[in-house]
There are 2 protein chains.
Amino acid sequence: MAKKTTVYDIAKELNITVSTVSRALNNISTISESTRKAVIETATRLNYRPNKIASSLTSGKTYTIGIIVPSAQVQFFASVIHALETHLKSFGYSILLYQSNESFISEKNGITTLLEAQVDGIVASMSLETKDPSHFEKVKEEGKPLIIFDRTHDDLQCAMVKIDDLHAGYLATKHLLDAGYRKIAYITTKHKIKIFKERYDGYLRALQEAGLPANPGYTIAGELNVEGGYRGTHELLKFRERPDAIIGGDDYVALGIIKALHDKNIAPPEIGVIGFANQNFSEHIIPSLSTIDQQALKIGKECAKMFLKIIEQPLSARTEQKPVVIEPLLLARESTNRKK
Amino acid sequence: MAKKTTVYDIAKELNITVSTVSRALNNISTISESTRKAVIETATRLNYRPNKIASSLTSGKTYTIGIIVPSAQVQFFASVIHALETHLKSFGYSILLYQSNESFISEKNGITTLLEAQVDGIVASMSLETKDPSHFEKVKEEGKPLIIFDRTHDDLQCAMVKIDDLHAGYLATKHLLDAGYRKIAYITTKHKIKIFKERYDGYLRALQEAGLPANPGYTIAGELNVEGGYRGTHELLKFRERPDAIIGGDDYVALGIIKALHDKNIAPPEIGVIGFANQNFSEHIIPSLSTIDQQALKIGKECAKMFLKIIEQPLSARTEQKPVVIEPLLLARESTNRKK
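Read on for an overview of the structure.

What counts, and at which threshold
- Residues numbered from 1 in each chain as written.
- Chains lettered and ligands numbered in written order.
- Predicted model: local features only at pLDDT ≥ 70, side-chain atom pairs only at ≥ 80, totals over all residues.
- Heavy atoms only, no water.
- Pairing = 2+ DSSP bridges.
- Helix = DSSP H or I, 4+ residues; strand = E, 2+ residues; numbered from the N terminus.
- Axes fitted to C-alpha atoms, helices over the stretch in contact; angles between N-to-C directions.
- Contact = heavy atoms within 4.5 Å.
- Phe/Tyr/Trp six-rings, centres within 6.5 Å; stacked < 30°, edge-to-face > 60°.
- Buried < 20%, exposed > 50% of the residue type's maximum accessible area, 1.4 Å probe, protein only.
- Lys NZ or Arg CZ within 6 Å of the ring centre and 35° of its normal.

**Notes on the sheet that holds strand E7 (residues 219-222) of chain B**
Hydrogen bonds between backbone atoms are what pair the strands of a sheet, whose relative direction is either parallel or antiparallel.
Residues and elements named next belong to chain B.
Phase 1: Reading across from one edge, E7-E6-E8-E9-E10-E12 is the order of the six strands in this open sheet, with mixed pairing throughout. Edge strands, defined here as strands with exactly one partner in the open sheet, are E7 and strand E12 (329-331). Strand after strand, the sheet turns through a mean of 20° between neighbouring axes, direction not considered.
Phase 2: Note: strand E6 (residues 184-189) against strand E8 (residues 245-248), four bridges, orientation parallel. Looking at the pairing, Ile184 lines up with Ala245 of E8.
Phase 3: In the packing of helix H8 (residues 165-178) onto the sheet, the strands contacted are E6, E8, strand E9 (272-276), strand E10 (290-293) and E12, and the crossing angle to E9 comes to about 165°.
Phase 4: Lying over the sheet, helix H11 (residues 251-263) contacts E6, E8, E9 and E10, oriented at roughly 160° with respect to E9.

Given below as structure tokens:
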């Protein structure tokens, strides 16, 4: 077996002091980012392996960060996880994953499990069931950074990374108005989640600005999936005065809308269709689907940066972090491309 | 603050001995599954929090398991992660995630990082770049379970969970033959990955059984994405004797095939199209896409079961595990539903 690499080997290789190597490996903030990166790269290349468990007993750090998401299978969350892991890895952190599966109890257990595992901080997006977010307070009580993304909660004071959902709803609606659509329906979730309410408020604001009344029958609250879009559209098509455009609560809802229109021999953009999320398939279906990109990769990276920023501050000097608000992007495609 | 829950509280609650609780929490195999589950549920409910770091120094276990995948953003891997985490969570394990991003170097670093973090075992699927899998030997050298899924390697002896890829390719081709298609093309990846070669071999076998020659021009090796399918199809459509069906290496390739056919005013099933993977969108596009389901959730669950089975065996008594081979499922939909 080759000789075990020590901090002395890394210091020699980079021509810096052992103390600098140690500070870099322990992520102490008096080290420049470039030095830290060089140390971590050299440590990796030389196969340096500290006993993390033993060293964590003295440093109190494990270089793991917990992430709680409703499901790693949902593309938005998968993309956030992807970006978070990719970014934090280069700073020597690993990601401990916990899925709430949209269950409040499971989310509570997730906090307990991750704190037990001595993570250095937690990044989370709340389950649909979570009304009382007090279990998250435990993370703060242990002096660990807590960052909530996308699905946030007004009762919880902590670092946040979110998208401007009101603007997302506004953008989608304004785009349809600009394309000449006037009778715009909206199929959304029946769940009372803030981000969905904000998107809907954006829809109302755009209609109001255009001097158009919001027809209450044009709002369908059901399930946020293909079936929900399909059923909702069949309901909307029964009206004598049927909508000329439909907003889907996400891209899967939009797929259901397109399916239901197809049953009646209608193809977008004859009736305009727009979704949210910019799922992988949206660009490639026929007709291609207009949508609002929620910039999941950017959200993941911002969560990583926020964590690194907080963890470098001494506990006593931590200041409240301003929420990072990410702008949604309109992607106008064939499904709303009506000749005016 | 409430009194800290101990193993005594759990034993009292369940009316069992402290020794049984301890054995259940330490996952020792002389405990029945129902007792173990009851203990874990009670421990969770009573908010029992052992100091995992301290206890791991004596038990040598951290109740974390590492997973290395090319990307958590790819739906197949996201689904495997989802199932693995969901299943192992009920046995008290957490998942430490590492993405190779299809890089050999990164995958090697992943093994080092996860072993440093003292995971109890590793589940992995190899990067496209990995030709020499010897870095995985380190996991076995440390006496930790290693389970490779989907993208396996002949040079690596370890537990494996995979899909019968030859049968997957055979099923797709046989289905097209049964639907009356005779000139069947195949768009696949240029990478020399075993699973893709096996699927292709299944295609050749089905053609041979049907007494049909494999036209070499009908095989296009490019990129495994929408663009790859799109370009490949435009090449195929240039032939004087053009194919009457095209197999896409995955569902994104199939999306590209459908797009290219649309350019020429052809819609499936006029030319039959089938993919692999059963992505979320496949069922819902118009026409719906025939595909081969790779049963990602089943793969994830089988990896979890394999890990639990191995970890319960004393190191000295560990026997070689037979590979778990999962049967692919044909999902016949509109894109191949030609009237014969």
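**Here's the deal with the packing of aromatic side chains**
Phase 1: Taken as a whole, this structure holds 21 aromatic pairs over all chains when the rule is applied.
Phase 2: Taking the centre distance of 5.3 Å and the plane angle of 75° together, the rings of B:Phe76 and B:Phe77 count as edge-to-face. Here the two residues B:Phe76 and B:Phe77 agree in accessibility, since each one is buried.
Phase 3: Here the aromatic cluster, defined as three or more aromatic residues joined through ring pairs, consists of A:Tyr252, A:Phe281, B:Tyr252 and B:Phe281.
Phase 4: If you follow B:Arg338 out to its NZ or CZ, it ends over the ring of B:Tyr181, 4.1 Å from the centre.

**Here we look at the environment of A:Glu327**
Residues and elements named next belong to chain A.
Phase 1: The residue Glu327 is located in the loop between strand E11 (324-326) and strand E12 (329-331) in this model.
Phase 2: Overall, Glu327 belongs to the partly exposed group, its relative accessible area being 41%.
Phase 3: Separated by 220 residues in the primary sequence, Glu327 and Glu107 place their C-alpha atoms 28 Å from one another.
Phase 4: Discounting residues that sit within four places of it in the chain, Glu327 has contacts with Asp164, His167 and Gln295.

**Examining the sheet that holds strand E5 (residues 159-163) of chain B**
Phase 1: Reading across the sheet, the twelve strands line up as E11(A)-E5(A)-E4(A)-E3(A)-E1(A)-E2(A)-E2(B)-E1(B)-E3(B)-E4(B)-E5(B)-E11(B) and stay open at both edges, with mixed pairing between neighbours. Taken across any chain shown, the strands that pair with only one partner, and hence form the sheet edges, are E11 of chain A together with strand E11 (324-326) of chain B. For this sheet, the mean angle separating the axes of adjacent strands, direction not counted, is 20°.
Phase 2: Two strands pair when backbone bridges link them, and strand E3 (residues 122-124) of chain B and strand E4 (residues 146-149) of chain B are joined in this way by three bridges, in the parallel orientation. Looking at the pairing, B:Ala124 lines up with B:Ile148 of E4(B).
Phase 3: With respect to the sheet, helix H12 (residues 296-312) of chain B is in contact with strand E1 (64-69), E3, E4, E5 and E11 of chain B, its orientation differing from that of E5(B) by roughly 165°.

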